[in-house]
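Residues per chain, in single letters:
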Amino acid sequence: MSTQSQPREPQSEQEVVQRFSAMRQEVSALYQKVSELDADLQEHDLVIKAIGGMESKRKCFRLVGGVLVERTVGEVLPAVTTNKQGITGIKEQLQKQFELKQNELKAFQEKYKISVRGEEPGQGQQASKAAEGSANKGAIQGVLA
């Protein structure tokens with residue numbers, strides 16, 4: 001027996017709108033988190049490329065919890081690579097959740113014949129996929145070498 005029970009069917013139009021709005025907010029929050037993790041992955045890639053060819057004894061600086069710490073490239077590179085792998089795993093999980101919630105939202109919208117003002121049918125999904133492919137340009141670096 002699962003700990004989560006299925007939400008009951010909305011009884012009034014107001015309940016349908018409230019549930020739809022809550023579902024949209026949840027999808028939006030997941031999308032924002034996936035985008036944030038994607039930007040973090042790009043930063044990690046940049047750092048790995050920048051310090052990957054350097055000798056391991058070279059001094060570099062890493063921002064840890066708001067504090068700039070002096071380390072060597074040999075210490076920092078494995079840590080950044082490990083962090084990148086962890087972020088990749090979390091991003092993949094969140095991406096699956098995002099797609100699942102987006103499909104639930106679409107099914108809910110079709111079931112109750114909900115249309116959003118200013119949005120043509122299918123437009124919302126196309127916009128989110130287009131935004132998914134775009135990258136955040138203003139990245140902050142966490143390692144100096």
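In case you missed it, the structure is sitting above this.
Our next topic: the overall build of the protein chain. When helices and strands are counted, the protein chain shows 3 helices and 3 strands. In the protein chain, the order of α-helices and β-strands from amino to carboxyl end is α-β-β-α-α-β. Here the protein chain holds 145 residues, and 21% of them are scored as buried. Sequence-distant contacts, at least 24 apart, represent 69% of the contacts inside the protein chain between residues at least 6 apart.

This part takes up the packing of aromatic side chains. Using the criterion set out here, one finds 2 aromatic pairs in the structure. Pairing Tyr 31 with Phe 98 gives two aromatic rings, centres 5.8 Å apart and planes at 40°, and the pair type is tilted. On the criterion of sequence distance, the pair formed by Tyr 31 in helix α1 (residues 13-52) and Phe 98 in helix α2 (residues 73-111) is long-range, its members being 67 residues apart. Each member of the pair Tyr 31 and Phe 98 is classed as buried. Ring plane angle 50° and centroid distance 4.8 Å describe the contact between Phe 108 and Tyr 112, whose orientation is recorded as tilted. A relative accessible area of 8% places Phe 108 in the buried class. Tyr 112 gets classed as partly exposed once you look at its relative accessible area, which sits at 25%.

A word on the environment of Ala 29. Inspection of the secondary structure puts Ala 29 in helix α1. Sequence spacing of Ala 29 and Phe 98 is 69 residues, and the spatial spacing of their C-alpha atoms is 9.0 Å.

What follows deals with the pairing of strand β2 (residues 67-72). With 6 bridges connecting them, strand β1 (residues 59-64) and β2 associate as antiparallel partners. Among the inter-strand pairings, Arg 62 is bridged to a residue of β2, identified as Val 69. Connecting β1 to the antiparallel partner β2 that follows it, the hairpin turn spans 2 residues, and Gly 65 within it adopts a positive phi of roughly 60°.

Let us look at unusual backbone geometry. Of note, Lys 113 is a non-glycine position whose phi angle comes to about 50°, a positive value. Looking at where Lys 113 falls in the secondary structure, it is placed in the loop between α2 and α3 (123-133). Residue classification places Lys 113 among the exposed positions, given a relative accessible area of 72%.

Right, let's get into the nonpolar core. Counting residues in hydrophobic clusters, the biggest one holds 14 residues, and the most contacted among them are Leu 94, Phe 98, Leu 105 and Phe 108. When residues of this core are traced back to their parent elements, those giving at least two are α1 and α2. Element by element, the count of residues in this core is highest for α1, at 9 residues. When neighbours within four sequence positions are excluded, Leu 94 is seen to be in contact with Leu 30, Lys 33, Val 34 and Leu 37. Among the nonpolar cores identified, the runner-up in size contains 6 residues, and Val 47, Val 73, Val 76 and Val 80 belong to it.

What counts and how
Residues numbered from 1 in each chain as written. Predicted model: local features only at pLDDT ≥ 70, side-chain atom pairs only at ≥ 80, totals over all residues. Heavy atoms only, no water. Helix = DSSP H or I, 4+ residues; strand = E, 2+ residues; numbered from the N terminus. Buried < 20%, exposed > 50% of the residue type's maximum accessible area, 1.4 Å probe, protein only. Contact = heavy atoms within 4.5 Å. Phe/Tyr/Trp six-rings, centres within 6.5 Å; stacked < 30°, edge-to-face > 60°. Pairing = 2+ DSSP bridges. Core = buried A, V, L, I, M, F, W, Y, C linked by side-chain atoms within 4.5 Å.

Structural measurements only, silent on function.
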